[in-house]
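A structural walkthrough
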Amino acid sequence: QQPVQSPQAVILREGEDAVINCSSSKALYSVHWYRQKHGEAPVFLMILLKGGEQMRHEKISASFNEKKQQSSLYLTASQLSYSGTYFCAPLDRDDKIIFGKGTRLHILP
Amino acid sequence: KAGVTQTPRYLIKTRGQQVTLSCSPISGHRSVSWYQQTPGQGLQFLFEYFSETQRNKGNFPGRFSGRQFSNSRSEMNVSTLELGDSALYLCASSLGTGIVSTGELFFGEGSRLTVL
């Protein structure tokens with residue numbers, strides 16, 4: 001099953017913060033996060049490993065709670081360049097990387 | 001270092017036809033995964049190949065098939081096309097696969113298929 005992402009869409013003003021959540025019904029080994037800008041291919045942001053530290057990419061950070069099978073992406077002081085669709089992609093115990101439906105993020109100047 | 005290359009970029013087919021899409025991974029990458037992307041559904045996993053073997057398969061009908069060659073290039077085929085097959089088909093390559101290697105996926109720009 002696909003992981004569930006929330007919210008489905010977010011509109012922010014430049015400089016504001018946002019949190020994107022991802023939850024799975026299956027036990028997870030790790031979680032990938034990707035960003036896809038309109039008309040472009042998804043691009044890797046970071047990976048969270050079971051038992052690993054919180055990761056950062058610029059002012060974007062993420063956490064992974066393997067017991068709750070959840071991951072969250074934190075966007076701090078958002079920039080216009082952060083606009084796009086964010087996907088979580090957990091690696092489950094069946095060895096599959098399954099993408100969520102995505103969270104559309106739009107940053108207003 | 002060249003990225004993931006997918007061909008063709010755009011194609012239009014009619015119902016009942018079949019189509020073959022090609023993916024050349026980054027040099028040295030042995031894993032190739034295929035995803036179908038449609039509005040509102042995110043990326044739906046089709047299958048993954050590693051060293052010419054299908055490692056995993058998503059929940060798609062048997063009309064969707066793929067293969068990987070010894071040079072790691074991969075093809076996917078969709079037979080008896082339906083209107084609902086219209087989508088962007090993305091290919092991604094990575095060095096390793098699964099739990100053995102948790103490396104990132106590098107995506108190609110996709111093949112946009114329109115079925116009329």
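As a convention, each chain's residues are numbered from 1 in the sequence order in which they are written. The naming scheme follows written order: chains are lettered A onward, ligands numbered 1 onward. Local features in this predicted model are restricted to residues whose pLDDT is 70 or higher, and side-chain atom pairs enter the listing and the counts only when it is 80 or higher, whereas totals over whole chains, interfaces and linings include all residues. Only heavy atoms go into the side-chain values, all of them from the structure, while hydrogens and water stay out.

Brief notes about the state of the cysteines
Any pair of cysteine sulfurs within 2.5 Å is marked as a disulfide. As enumerated under the stated definition, the model contains two disulfides over all chains in all. Disulfide partner of Cys22(A): Cys88(A), at an S-S distance of 2.0 Å. Here the disulfide of Cys22(A) and Cys88(A) is right-handed, its torsion about the S-S bond being about 70°. Placement of Cys22(A) in strand β3 (residues 18–23) and of Cys88(A) in strand β9 (residues 84–92) is noted, with a sequence separation of 66 residues between them. A single burial state applies to Cys22(A) and to Cys88(A), both of which are buried. Here Cys23(B) pairs with Cys91(B) through a disulfide, and the sulfurs are 1.7 Å apart. On the sign convention where negative means left-handed, the S-S torsion of about -50° between Cys23(B) and Cys91(B) marks this disulfide as left-handed. Of this pair, Cys23(B) sits in strand β3 (residues 19–24) while Cys91(B) sits in strand β9 (residues 87–94), and the two are 68 residues apart along the sequence. This pair shows no difference in class: Cys23(B) is buried, exactly as Cys91(B) is. By the criteria applied, helices consist of DSSP H or I runs no shorter than four residues and strands consist of E runs no shorter than two, each listed in order from the N terminus. For each residue, the accessible area found with a 1.4 Å probe, counting protein chains only, is set against the maximum for its type, and the residue is called buried under 20%, exposed over 50%, and partly exposed in between.

A few points about the environment of Asp85(B)
Residue and element names in this part refer to chain B. You can see Asp 85 is positioned in the loop between β8 (74–78) and β9. Given a relative accessible area of 4%, Asp 85 falls into the buried group. For the pair formed by Asp 85 and Thr 38, sequence separation is 47 residues and the distance between their alpha carbons is 9.2 Å. We call two residues contacting when some pair of their heavy atoms lies within 4.5 Å. Apart from the residues within four sequence positions on either side, Asp 85 is in contact with Gln 36, Arg 63, Phe 64, Val 78, Thr 80, Leu 113 and Val 115.

Structural notes on unusual backbone geometry
Among all residues except glycine, the phi angle is most often negative; among peptide bonds, the trans geometry is most common. With omega at -5°, the peptide bond leading from Ser6(A) into Pro7(A) counts as cis. With respect to the helices and strands, the residue Pro7(A) is situated in the loop between β1 (4–6) and β2 (9–13). Even without being glycine, Gln69(A) reaches a positive phi, approximately 55°. The topology assignment puts Gln69(A) in the loop between β7 (60–65) and β8 (70–75). In this model, Ser72(B) sits at a positive phi of 75°, which is unusual for a non-glycine residue. Take Ser72(B): it is sitting in the loop between β7 (64–68) and β8. Note on Ser72(B): relative accessible area 12%, which makes it buried.

A word on the environment of Arg104(A)
Residues and elements named next belong to chain A. Structurally, Arg 104 can be placed in strand β10 (residues 103–108). Exposure remark for Arg 104: the relative accessible area of 52% places this residue in the exposed category. Along the sequence, Arg 104 and Ile 11 sit 93 residues apart, while their C-alpha atoms lie 8.4 Å from each other. Other than its neighbours up to four places away in sequence, Arg 104 contacts Gln 8, Ala 9, Val 10, Gly 84 and Thr 85.

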